[in-house]
Amino acid sequence: MRFKLFQTFTNYMDAHIVFGRFQDVGIRCWLKDENIVTINPIWTQATGGIKLMVAEDQVEEAQNLIAEFIEEKRARFRCPVCESGNIEYISTNRKPANWFSVLFGFLLTSYAIPLQIWHCFQCNAEFEEPKEVVSG
Ligand SMILES: [Zn+2]
């Protein structure tokens, strides 16, 4: 069984949400460097974060799931600046400023990692984490 680095997380919760979803649908995966990051978050930068490893033959399936996951997130989240729901998760050609920026950056294709970032079409703000809509 060969595994590929699928995604890197600096956030323990996000890593486990995606990991849990993948496991639910039978994608073989595991989290690398999880313990290091959990014990001391400062080491996140040094280790490059929690790495989600996915079985090579299931990478495509995993990518589809991530797309769904982002869609769901998009439906629930708002721009933190103007609270508009008119936000998209887009790629930019900018270099990641830090490891947090590559939260959803796929490390599959090349060295030039396209930075994924949320963009608000209402006020043109760009942000790494949208504001969550509290339901109820
Ligand atoms: Zn906005």
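Just so you know, these numbers come straight off a predicted model, no measurement behind them. (Residues numbered from 1 in each chain as written. Predicted model: local features only at pLDDT ≥ 70, side-chain atom pairs only at ≥ 80, totals over all residues. Heavy atoms only, no water.)

### Let's talk about the packing of aromatic side chains
What counts, and what does not: For this analysis, a ring pair means two rings from Phe, Tyr or Trp (six-membered ring only for Trp) whose centres lie within 6.5 Å, classed as stacked if their planes differ by under 30 degrees, edge-to-face if by over 60, and tilted for the remaining angles. Here a strand is any run of E in DSSP of at least two residues, a helix any run of H or I of at least four, and the numbering for each starts at the N terminus. The cut-offs for exposure are 20% and 50% of the maximum accessible area for each residue type, with area from a 1.4 Å probe on protein chains only; residues under the lower value are buried, those over the upper are exposed, and the others partly exposed.
Applying the stated criterion across every chain yields a total of 2 aromatic pairs. The interplanar angle of 80° and the centroid separation of 6.2 Å between the aromatic rings of Phe3 and Trp30 together place this pair among those described as edge-to-face. Here Trp30 lies in strand 2 (residues 29-32) and Phe3 lies in strand 1 (residues 3-9), a separation of 27 residues in the sequence. Residue classification places Phe3 among the partly exposed residues on the basis of a relative accessible area of 30%. Given the relative accessible area of 36%, Trp30 is considered partly exposed. With a centroid separation of 5.6 Å and 65° between ring planes, the pair formed by Phe6 and Phe22 is classed as edge-to-face. Taken as a pair, Phe6 in strand 1 and Phe22 in helix 1 (residues 12-24) lie far apart in primary sequence, 16 residues in all. Accessibility classification places Phe6 together with Phe22 in one group, the buried group.

### Structural notes on the nonpolar core
One broad trend across soluble globular proteins is that nonpolar side chains are buried collectively. Rules: For the purposes of this section, nonpolar cores are sets of buried Ala, Val, Leu, Ile, Met, Phe, Trp, Tyr and Cys residues that join through side-chain atoms within 4.5 Å. Contact definition: two residues touch when any of their heavy atoms are within 4.5 Å.
Membership of the largest hydrophobic core comes to 26 residues, with the highest contact counts inside it found for Phe6, Val18, Phe22, Leu52, Val54, Ile87 and Phe127. Contributions of two or more residues to this core are made by strand 1, helix 1, strand 2, strand 3 (50-55), helix 4 (59-76), strand 5 (87-92) and strand 6 (115-120). Ranked by the residues each element gives to this core, the list is headed by helix 4, at 6 residues. Dropping the residues within four chain positions of it, Phe22 is found in contact with Phe6, Ile27, Cys29, Leu52, Val54, Ala62, Leu65 and Ile66.

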